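# Per-entry structural report
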Amino acid sequence: VSTMNAKTSSAGEEEASGMRDETLGESGCLGEAKRRRVIRIAYVIAALDLTFLFMQMGVVPYLAKSLGLDSVGFGYLQTIFGVLQLVGGYIFGRFADQFGARAALILSCASGSIFFLLMSLSTNIPLLFLSRLPGVFMHGIPGAQKVITDMTTPSQRAGALGKLGFCFGVGIIAGSAVGGVLSTKLGVYAPTYVGLLGSLINTLIAVVWIPSQTKPKSDHHVTEHSDLFSIGEILRLMKFPGVMEVFIVKVFAGLPIGLFMIMFSIISMDFFGLEAVESGYLMSYFGVLQMVVQGLVVGKLASRCSEMTLLRLSVFVFAGVGLGMALMRTVWHYCVIAVPLVFAFSMLATITDSLLTKAVPSSDTGAMLGICASVQPLTRTVGPTIGGVLYKQFGVSSFGYLQLMVNLGLFVYLLKSKIPLEEMKSQ
């Protein structure tokens, strides 16, 4: 009888725990409908943030040139922004863990407002460089990821995070198009004014519509490590079962294509022979692919297949993409290759982010997302040097062969190694 009572009690506790996971706890006061609404608001903030970011990306080269900055100086400008994003990613994640996802999103949007304000005032080169400084806290996507991570159960997380890629596609298409029209019709500073106004509106949306608490109170506890930046804290997170292995795959699987994308503006001119307008069309094509893949494919596969299977699939497809890149000769070849490329890139980013946030305690998910967000700035920082050497010495095909070899090696590693995914759970 005591054994039956113990089992009944245990089952009751498991059922209660499951109910708390699904509703974010009675103390969290967030029902299913409200959770979905908050997640949709996070998507809106992310889409607007990316739109404003891509607007300024298209304008900065022309603004820098009008101020007399040469190509070397522009490279320094981009490197500084990449380093600031690299350093700020983890700090931003720790800030989100300690002060909440709402505070982190407000910080990101407010930093964007300062960023665009300084850009709109950049009438000389020093001010243009100064405008990069707020970039250290401009992390709209990790902020939205933190909200979604807090508001979803582990089984829902991959699909919900995957839909952020749809926001990325919206940002590429809308940002590139609007930025080009505004700068052409109203002048090079016009997109910065729109970005300033939009970032202020984004800040207001975060203040009004994102709740101060986005996860159950049972998940909130005072962390022993309160410093915002610590190498020891990063190493601590990497020691959780499976984290180091998944993070290595995340970094190296996408590194070769990251190097290629950094050099793409030069490759599109020299190798494909494209004009600026045609390059813009190609970017829009990528944006549409991103929206379709993230909106229609990633979520459905995540709900039907195990995350480990999808991780292996993305790495295997990446290897095939590498072979295609090594053999491509025209821009039409690249348009065909872009389909599996976007699929693999989107799937890898979504699945690894989902796995890594499940592998650490809930009090550290922001820091983990911050570390994940630092991968791209790291590539942008070291990429121009490595990519430049590869392109100059070995040509475009070298990116494809590197992609093929690296991902074949990772695929074999994932087949043979036993990453302790069963130990990855929300704590």
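Everything below is about the structure printed above this text.
My aim in this report is to walk through the structure given alongside it, one point at a time. (Residues numbered from 1 in each chain as written. Predicted model: local features only at pLDDT ≥ 70, side-chain atom pairs only at ≥ 80, totals over all residues. Heavy atoms only, no water.)

### So, the nonpolar core
What counts is decided by this rule: Among buried residues, those of type Ala, Val, Leu, Ile, Met, Phe, Trp, Tyr and Cys that are joined through side-chain atoms within 4.5 Å constitute a nonpolar core. Three exposure classes are used, based on accessible area relative to the maximum for each residue type with a 1.4 Å probe and protein chains only: buried under 20%, partly exposed in between, and exposed over 50%. In this text, helices come from DSSP runs of H or I with a minimum length of four residues, and strands from runs of E with a minimum of two, each type numbered from the N-terminal end. Any pair of residues with heavy atoms lying within 4.5 Å of one another is described as a contacting pair.
F260 and Y334 are the most contacted members of the largest nonpolar core, which totals 61 residues. Looking at this core element by element, the count peaks at 15 residues for helix α16 (residues 331–359). Not counting residues within four places of it along the chain, the set of residues in contact with F260 comprises I267, M325, M328, Y334, V396 and F399. Counting residues in hydrophobic clusters, the runner-up holds 25 residues, among them V38, A42, A46 and C109.

### Examining a nonpolar patch on the surface
This is how it is decided: Patch definition: residues above 30% relative accessible area lacking any salt bridge, with like charges linked at up to 9 Å and the nonpolar side chains Val, Leu, Ile, Met, Phe, Trp and Tyr linked at up to 5 Å. Surface accessibility follows the Shrake-Rupley procedure with a 1.4 Å probe radius. Residue values consider only the protein chains on display as shielding. Every case where a carboxyl oxygen of Asp or Glu lies within 4 Å of a side-chain nitrogen of Lys or Arg is listed as a salt bridge.
Among the surface-exposed residues, L204, V207, V208 and W209 lie close enough to one another that they form a single nonpolar patch of about 400 Å² accessible area. Along the chain, V207 falls in helix α9 (residues 190–209).

### Observations regarding the packing of aromatic side chains
Quick note on the threshold: Centres within 6.5 Å make a pair out of two Phe, Tyr or Trp rings, where for Trp the six-membered ring is used; the pair is then stacked when the planes are under 30 degrees apart, edge-to-face when over 60, and tilted otherwise.
Counted according to the given criterion, the structure contains 14 aromatic pairs. Ring geometry for F54 and F168: centres 5.6 Å apart, planes at 80 degrees, overall edge-to-face. Remark: F168 occurs in helix α8 (residues 164–186) and F54 occurs in helix α2 (residues 32–66); sequence separation between them is 114 residues. Look at F54 and you get buried, because its relative accessible area is 13%. For F168, a relative accessible area of 27% gives the class partly exposed. An aromatic cluster is present here, built from F260, F264, F271, F272, Y285, F286, Y334 and F399 joined pairwise through their rings.

### Comments concerning helix α17 (residues 365–373)
Within α17, eight of the nine residues are buried, leaving the element largely enclosed by the surrounding structure. Those residues of α17 lying buried are T365, G366, A367, M368, L369, G370, I371 and C372.

### Description of the pattern of salt bridges
Counted according to the given criterion, the structure contains 10 salt bridges. Across the pair R94 and D364 runs a salt bridge whose closest N-O atoms are separated by 3.7 Å. One end of the pair, R94, is in helix α3 (residues 71–99); the other, D364, is in the loop between α16 and α17, and 270 residues separate them in sequence. When its relative accessible area of 3% is taken as the criterion, D364 is described as buried. E233 is the salt-bridge partner of R236, the closest N and O atoms lying 3.0 Å from each other. You can see R236 and its partner E233 sitting in helix α10 (residues 231–238), three residues apart, about one turn around the helix.

### Some thoughts on the side chain of Q403
This is how the line gets drawn: Two N or O atoms count as a polar contact when they lie within 3.5 Å, although within protein this holds only if one can serve as hydrogen donor and the other as acceptor, and sequence-adjacent residues are included solely when both atoms are side-chain atoms.
Locating Q403 in the fold gives a position in helix α19 (residues 397–416). A polar atom in the side chain of Q403 sits 3.0 Å from the backbone nitrogen of I257. If sequence neighbours within four positions are ignored, Q403 has contacts with A253, P256, I257, F318, A319 and G322.

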